[in-house]
Amino acid sequence: MKCTALSGRPLPEITIDAAGRGDLSPADLRIHPDTLRRQADVAEQHGNPQLADNLRRAAELTALGDEELLAIYEALRPGRSTLAELETVACRLQAAGAPSCAELVREAAAMYERRGLHKPG
Amino acid sequence: MPQLDNDVRDGRAILRSDNQNGSVPGSAAPGGPAHHGWSPTGLGGAQGRLGRFVGLDRRPVNLDGLSCEDGDAGLVAFASVHDPEPTVEIDDEGHVVQLDGVQADEFDLIDAYIAAHGIDASVAVEANGLPEVEFARLIVDPATPREAVVRLARGATPAKLARVVARLRPVELQMAIAKMRVRRTPSIQAHVTNLLDDPLLLAADAATAVAFGFRELETTVPVLADAPSNALAVLVGSQVGVAGALTQCSVEEALELEMGLRGLTTYAETVSLYGTEQVFVDGDDTPWSKAFLCSAYASRGLKMRVTSGGGAEALMGEAEGKSMCHLESRCVALARAIGAQGVQNGGIDGASVVASVPDGMRELLAENLLVMLRDLESCSGNDSLVSESDMRRTAHTVPLFLAGSDFLFSGFGSIVRHDNMFGPSNFNGEDLDDYLVLQRDWGVDGGLRPVAEARLREVRERAARAVQAVYRDLGLADFADARVDEVVLAEGSRDLSPLDPTVVLQAADVIQERELGILDVVRALERTGFREEAERVLAMGRARVAGDYLQTAAIFDEKMNVLSKVTDPNDYQGPGTGYEVTPARREEMAEVRQQRSRQDLLERQAAHAGHIHLVERDEAEPGADPREVCVGVSPALATRLWLTTSGLPVGQALRQILAGLEEEGCVARLVRVRSTIDLGMIGLAAARLAGSGIGIGLQAKGTALIHRRDLPPLACLELYSIAPLVTGQMYRALGTNAGRHAKGLRPVPVRNPSTEQAIEARYHAEVVAMVAVERGECLPGAPPVDLELVR
């Protein structure tokens, strides 16, 4: 199966000479969402639908920057976000083409509300 | 609680002095034992205490804290009265609406996540209806395919699986682990840290670890802000010598993620799960934040696993009265539910808490099995020192070692104890030779291999130089060549000159400010002439693009092939199946540096050849002089063998015997007994030739006795059986006593030297080689001949 980096550069072109010439950018060493979805299918075929779900969420998250990932993680930690803030995160994820991640955040919000883990407000 | 006297409280000091004494061959004075836990000097009886208990109290095991079982505090390994009955209820839409006695509206965070994502509703009723013993038998039975067990486990609730593994005896746990672990090929992880966060030493030690065969390296920091520097140094060092080892830097979750995203690490493990809601939240996370973290790592192509381990909840005072196994079963079920590919457990930080209760060691092993049953990669603990007793800590690790695991250790301390910033591991750098010999003893692949000193010097230097070059090139720090030299030779950071701590901090700051990542490292290596290492680090980057190592239990072999559940599934189905040590691997494991051939063992003999000259004369006839004592020597003594096992030249042993006889006014006569190598027969043959009827037998290895012509062959008057401890003076005493026997006196018998050391372990390899030479020189049926001592 042909594999390309997030940048679109084919895997065989990610070489030391390309690096030396300064041709490579960080996106050349980032995984492509299609690759993650393919790995998710492999996980599913090998009997682990939860790992497959994780990899599919990961495929969605390739569209997000590092800072944004760190911010969402922080928002999901206990007592960090109001329910409204969590809903905003979910909407942002939805809009960024990350529906299953959005669903995860909404599920968290519902449970945080029940267990009192959201920031009041 | 035993009463420990004062010097025992300082037990480590005692252990050290024990080791020192134990390491000096022959340090025991003749007739007196070496210093040891047992004291012969009369401590027993002090204040009326039994000497037996005073001695026992001094043993290292008595420094370990052992707890009474206490269900309310969670100090129970397998079954607390507060553990729930395993139950599950599925509604018409396939939702889990009741789990282990809790209704959906009462679910805590952990219940809720497991119920929503972690239970396969299609087998839940079947799995939970299966009697525990029956379930346990399926796990052990080699005829039941692994897949069939995994299918059932998918529907089992945490309480169910905890109860099932509780039914397994230790040997059954081993059988289960051999069958249920995910990857066929076992592997092993190392801790690589040091007290100074010295990047050169980290790199040299990382290269050392991969040279020994470790395939995952975990570093951490004594100073949090140093983390990026440590991650970078270990990344570079890990690719020196061989390719493909994975690296991580264990720190606070957010920083660990950040370094992972930039490619300074190639996997993550410090993603902690806990079995009770309170402790989970105290850990500043929820199942949902952890699930997001899993996906975040995967989104950058990074392997990750979660960490749990029994005893953590009791340690944090909120076990809800549940048993350790039950809470751990919840963690593992949650790990599966959030989509992690693997779990580090088997105690971890709480290992000593688990080990303090009855059945604790068995529980630690059962935790590993819980992970395997959920079809996840097991990174199997053994990473914190569970006992001051070498016997007890080894007994903790050996059952898993023999059974095999995806990772036998989630951190073997590849560095020496004082440099392990996780705290000492159960096995450490000091134990590497023990571990290599254990592999060899059992023919079991523990993942490591012997390394020659020259090779290790080469990779340590290369790694230290690579990091020196990269730090210079990237403007992080400028380390002098002299420091590289120090690092190459150092056992650990205590051997290094002081390091200005701000140097590392500053390097780490620059890495953070400039957001340096894997590509910067690759370019710096390439620019500074470390092309091979640049290629390998880049290959780790390419691996993130390919994503194959996101599958369960993935590692890279040294040719960058991915070994995982997908490419290398465990196919154990009983004897003759599953992972097999190849002949090449067996040879590699066998060739420890202490191994000696017969030729090697006999090498030191040659240096003493010819120091005494015994000329064979006529066939020996019985003597008539009542003062005559015959000294019979073995076939190879002073023909092919020249040194006793004590290191004394045979000529000296012989001369001391002759001197002892002379002092008693006896006439000594030397004969060679050619027809046998048996010391009793040699001594008896000599006695029968002696006019006095008293003979001495002496083998080249130094074993000696006094015999009398009317005794049966296997009887004797006096015997030195422990040749390695016999001194020249003692041979003289043997001669003296033989003379006194010849005169009809009754001398005080010489004392066979005694020792507490494993004297046979030390010398038997050499003895076998010497006996083979004696056997080769033996002439069955040939009569004894007189010998003349020429010089």
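Rules and cut-offs
Residues numbered from 1 in each chain as written. Chains lettered and ligands numbered in written order. Predicted model: local features only at pLDDT ≥ 70, side-chain atom pairs only at ≥ 80, totals over all residues. Helix = DSSP H or I, 4+ residues; strand = E, 2+ residues; numbered from the N terminus. Contact = placed C-beta atoms within 7 Å. Buried ≥ 20, exposed ≤ 12 C-beta atoms within 10 Å, placed from the backbone. Domains from an automatic or database assignment. Nonpolar A, V, L, I, M, F, W, Y, C, P; charged D, E, K, R; others polar. Pairing = 2+ DSSP bridges. Axes fitted to C-alpha atoms, helices over the stretch in contact; angles between N-to-C directions. Core = buried A, V, L, I, M, F, W, Y, C linked by C-beta atoms within 7 Å.

Student: Teacher, can you tell me more about the environment of Thr185(B) here?
Tutor: All names here are of chain B. Summarising the element assignment, Thr185 is placed in the loop between α9 (170-180) and β4 (189-191). As for Thr185 and Gly404, which are separated by 219 residues in sequence, their C-alpha atoms are 8.4 Å apart. Each residue touching Thr185, except ones within four places of it in the same chain, is listed here: Leu563, Asp568 and Tyr579.

Student: Explain unusual backbone geometry here, please?
Tutor: A negative phi angle characterises most non-glycine residues, just as the trans form characterises most peptide bonds. All names here are of chain B. Its identity is not glycine, yet Asp284 carries a phi of approximately 65°, on the positive side. Along the chain, Asp284 turns up in the loop between α13 (277-282) and α14 (287-299). On the basis of neighbour counts, which here come to 15 C-beta atoms within 10 Å, the residue Asp284 falls in the partly exposed class. Notably, Ala553 is not glycine yet its phi reads approximately 60°, a positive angle. Topologically, Ala553 is positioned in the loop between α25 (531-546) and β13 (555-556).

Student: What should I look at first to understand the domain arrangement of chain B in this one?
Tutor: Accessible area lost upon the coming together of the parts serves often as the stated size of an interface. All names here are of chain B. As assigned here, chain B comprises domain 1 (6-63), domain 2 (71-180 + 270-304 + 306-375), domain 3 (182-252 + 377-562 + 583-594) and domain 4 (601-789). Contact residues are listed per partner, giving four residues for domain 1 and four residues for domain 3. Along the lines of polarity and charge, the residues of the side of domain 1 that touches domain 3 split into three nonpolar, one polar and no charged.

Student: Can you help me understand the sheet that holds strand β19 (residues 704-708) of chain B in this one?
Tutor: Strands pair in a sheet through their backbones, by hydrogen bonds, and they do so in one of two ways: parallel or antiparallel. All names here are of chain B. Taken in spatial order, the seven strands make up an open sheet running β15-β21-β17-β16-β18-β19-β20, and their pairing is mixed. A strand with exactly one partner marks an edge of an open sheet, and here the two such strands are β15 (614-619) and β20 (718-720). Each neighbouring strand pair of the sheet contributes to a mean axis angle of 30°, computed without reference to strand direction. Note that strand β16 (residues 628-633) and strand β17 (residues 667-672) share six bridges and pair parallel. Opposite Val633, over in β17, you have Arg672 as the bridge partner.

Student: Would you take a moment to explain the nonpolar core for this structure?
Tutor: It is characteristic of soluble globular proteins that their nonpolar side chains tend to be buried jointly. In this structure, Val105(A), Ala203(B), Val236(B), Leu369(B) and Ala463(B) are the most contacted members of the largest nonpolar core, which totals 215 residues. Built from parts of two domains, this core gets at least three residues from each of domain 2 (71-180 + 270-304 + 306-375) and domain 3 (182-252 + 377-562 + 583-594) of chain B. Not counting the four nearest positions on each side in its chain, Leu369(B) is found in contact with Val165(B), Leu173(B), Ala176(B), Ile177(B) and Met180(B). In this structure, Leu654(B), Ala687(B), Leu705(B) and Tyr720(B) belong to the second largest nonpolar core, which totals 55 residues.

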